[in-house]
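# A look at the structure
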Amino acid sequence: MKKVAEKKIAPGAEIFWKKLVDTYFAFFKDHFRDEDGFRLSPDWSPQKIGMEAAALKKIIIFLRQIAEGKKIEWTEEYAQQQLNLFLDKAYNDPFLKKNFYCALLNKKKVDVLISTYNPHLVKKILEIWYFEFPDYTRDVDKDRAAAEIIIGFLKQQYILASIQFTEESVLGSIRLIFITAKGDEFWCKKSLKSIANNLQEFVNKIKSERDGRNKINRTGNAGSKPFATSDSKIRAIKNWGVKTDGGN
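Cut-offs and rules
- Residues numbered from 1 in each chain as written.
- Predicted model: local features only at pLDDT ≥ 70, side-chain atom pairs only at ≥ 80, totals over all residues.
- Heavy atoms only, no water.
- Helix = DSSP H or I, 4+ residues; strand = E, 2+ residues; numbered from the N terminus.
- Buried < 20%, exposed > 50% of the residue type's maximum accessible area, 1.4 Å probe, protein only.
- Contact = heavy atoms within 4.5 Å.
- Areas by Shrake-Rupley, 256 points an atom, 1.4 Å probe, with all protein chains shown as cover.
- Salt bridge = Lys/Arg side-chain N within 4 Å of Asp/Glu carboxyl O.
- Expected span 1.5 Å × (residues − 1).
- Axes fitted to C-alpha atoms, helices over the stretch in contact; angles between N-to-C directions.
- Left-handed = near helix turned anticlockwise from the far one by under 90°.
- Nonpolar A, V, L, I, M, F, W, Y, C, P; charged D, E, K, R; others polar.
- Patch = residues over 30% accessible without salt bridge, like charges linked within 9 Å, V, L, I, M, F, W, Y side chains within 5 Å.
- Lys, Arg positive; Asp, Glu negative; His and termini not counted.
- Charge placed at Lys NZ, Arg CZ, Asp CG, Glu CD.
- Phe/Tyr/Trp six-rings, centres within 6.5 Å; stacked < 30°, edge-to-face > 60°.
- Lys NZ or Arg CZ within 6 Å of the ring centre and 35° of its normal.
- pLDDT = per-residue confidence, 0-100.
- Parallel < 35°, antiparallel > 145°, perpendicular 65-115°, else oblique.

## Quick notes on the overall build of the protein chain
Secondary structure summary: the protein chain contains 13 helices and 0 strands in total. Each helix and strand of the protein chain, ordered N terminal to C terminal, gives the series α-α-α-α-α-α-α-α-α-α-α-α-α. Across the 248 residues in the protein chain, those meeting the buried criterion constitute 38%. Looking at the protein chain alone, contacts between residues at least 24 apart form 66% of all its contacts between residues at least 6 apart. Element-wise, carbon and sulfur atoms account for 51% of the exposed surface of the protein chain, whose accessible area totals about 15000 Å².

Written out as structure tokens, the structure is:
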């Protein structure tokens, strides 16, 4: 069976093919276990090996073409590094983690590459959320995925507003969003995923309240602030206005 598989893969095979197949198998075995804790191997049975090998090959070619576009030499070491980074990003997607097949990874390869997996920032976001909502029922996988959505949204808005994407400014904006959610009778009962999928609503609310405070300042009328803010936090969200897709 092995010789048959090699014949299917060999024609036009990607550079370092065997080494990269080994890299994929090693990653899979390190990250997936059966019920007894034994390491699992990818399902490259006779029925699937052709499709899976072809999909992995397309992923590798895609990664190599990106490197070539950046004028980075595609060495064996760099190829292994890039494939591991790609697989690591894919593994941190809750859906792909449960359906870790090369055929699916290939279809989602662009989404995987543009994802913003930031484990340190995700941890900080969850710490703030759990602090603000101590009675919240935690779902680690869903909460991490929601934190990633929030990071991606903020990154997009910061770029459009020409604001530097720093941990300090991001966490300041996130605190402002969470405090806004906490002070809303409807949103304070929702999950982090629901908040993440409706960020534009919070941006609109924050902008509206900011404009109201500016009007008060111009007219000289007194008014109470609905929640504490800072100039840096307001600057970090002042130009937000791009709508996002997503449901509850």
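There is more to say after this.
## Some remarks on the pattern of salt bridges
Under the definition given, this model contains 6 salt bridges. Two residues, Asp 22 and Lys 18, come together in a salt bridge whose shortest N-O distance is 3.5 Å. With Asp 22 and Lys 18 both in helix α2 (residues 17-31) and 4 residues apart, the pair spans about one turn of that helix. In this structure, the salt-bridge partner of Lys 205 is Glu 209, at a minimum N-O distance of 3.4 Å. Here Glu 209 and Lys 205 lie together in helix α12 (residues 199-219), a separation of 4 residues that amounts to about one turn.

## What about helix α4 (residues 76-91)?
Here α4 is 16 residues long and its end C-alpha atoms lie 22 Å apart, about the 22 Å a rise of 1.5 Å per residue gives. Along α4, the residues classified as buried are Tyr 78, Ala 79, Leu 83, Phe 86, Leu 87, Ala 90 and Tyr 91.

## Here's the deal with unusual backbone geometry
Located in the positive-phi region is Phe 16, a residue other than glycine, with phi close to 60°. Within the secondary structure layout, Phe 16 lies in the loop between α1 (2-9) and α2.

## Brief notes about the environment of Ala 79
Turning to its location among the elements, Ala 79 is positioned in helix α4. Along the backbone, Ala 79 and Phe 16 are 63 residues apart, and their C-alpha atoms lie at a distance of 8.0 Å. With residues near it in sequence (within four places) discarded, Ala 79 still touches Phe 16, Leu 20 and Trp 74.

## Looking at the packing of α2 against α4
α4 packs onto α2 with a crossing angle of 35° between their chain directions and a minimal axis gap of 10 Å. Considering only the axes of α2 and α4, their crossing is right-handed. Listed contacts from α4 to Lys 19, Leu 20, Thr 23, Tyr 24, Phe 27 and His 31 of α2 are Glu 76, Ala 79, Gln 80, Leu 83, Asn 84, Leu 87, Asp 88 and Tyr 91. Taken together, the residues of the contact of α2 with α4 break down into 7 nonpolar, 4 polar and 3 charged.

## What to know about a positive patch on the surface
On the surface, a cluster of positive charge is contributed by Lys 97, Lys 98, Lys 142, Arg 144 and Lys 193. With respect to the element layout, Lys 193 can be found in helix α11 (residues 192-196).

## Describing the packing of aromatic side chains
Taken as a whole, this structure holds 18 aromatic pairs when the rule is applied. Taken together, Tyr 24, Phe 25, Phe 27, Phe 28, Phe 32, Trp 44, Tyr 91 and Phe 100 form an aromatic cluster joined through their ring pairs. In this structure, Arg 138 is placed above the aromatic ring of Tyr 130, and the distance from its NZ or CZ to the ring centre is 3.8 Å.

## Side note on the environment of Tyr 158
By the secondary structure assignment, Tyr 158 is in helix α9 (residues 140-160). Between the alpha carbons of Tyr 158 and Ser 169 there is a distance of 9.7 Å; along the sequence they are 11 residues apart.

## Focus on the confidence of the model for the protein chain
The predicted model of the protein chain has a mean per-residue pLDDT of 80, with 77% of residues at 70 or higher. Low pLDDT, under 50, characterises residues 222-248; the stretch is placed with 56 contacts to residues that sit more than four places away or in other chains.

## Looking at the packing of helix α3 (residues 49-69) against α4
Between α3 and α4, the shortest axis-to-axis distance is 10 Å and the interhelical angle comes to 115°. Viewed along their axes, α3 and α4 adopt a mutual orientation that is roughly perpendicular. For α3 against α4, the interelement crossing comes out right-handed. Residues Leu 56, Ile 59, Leu 63 and Ala 67 of α3 form the contact with α4, whose participating residues are Tyr 78, Gln 82, Leu 83 and Phe 86. Classifying every residue of the contact of α3 with α4 gives 7 nonpolar, 1 polar and no charged.

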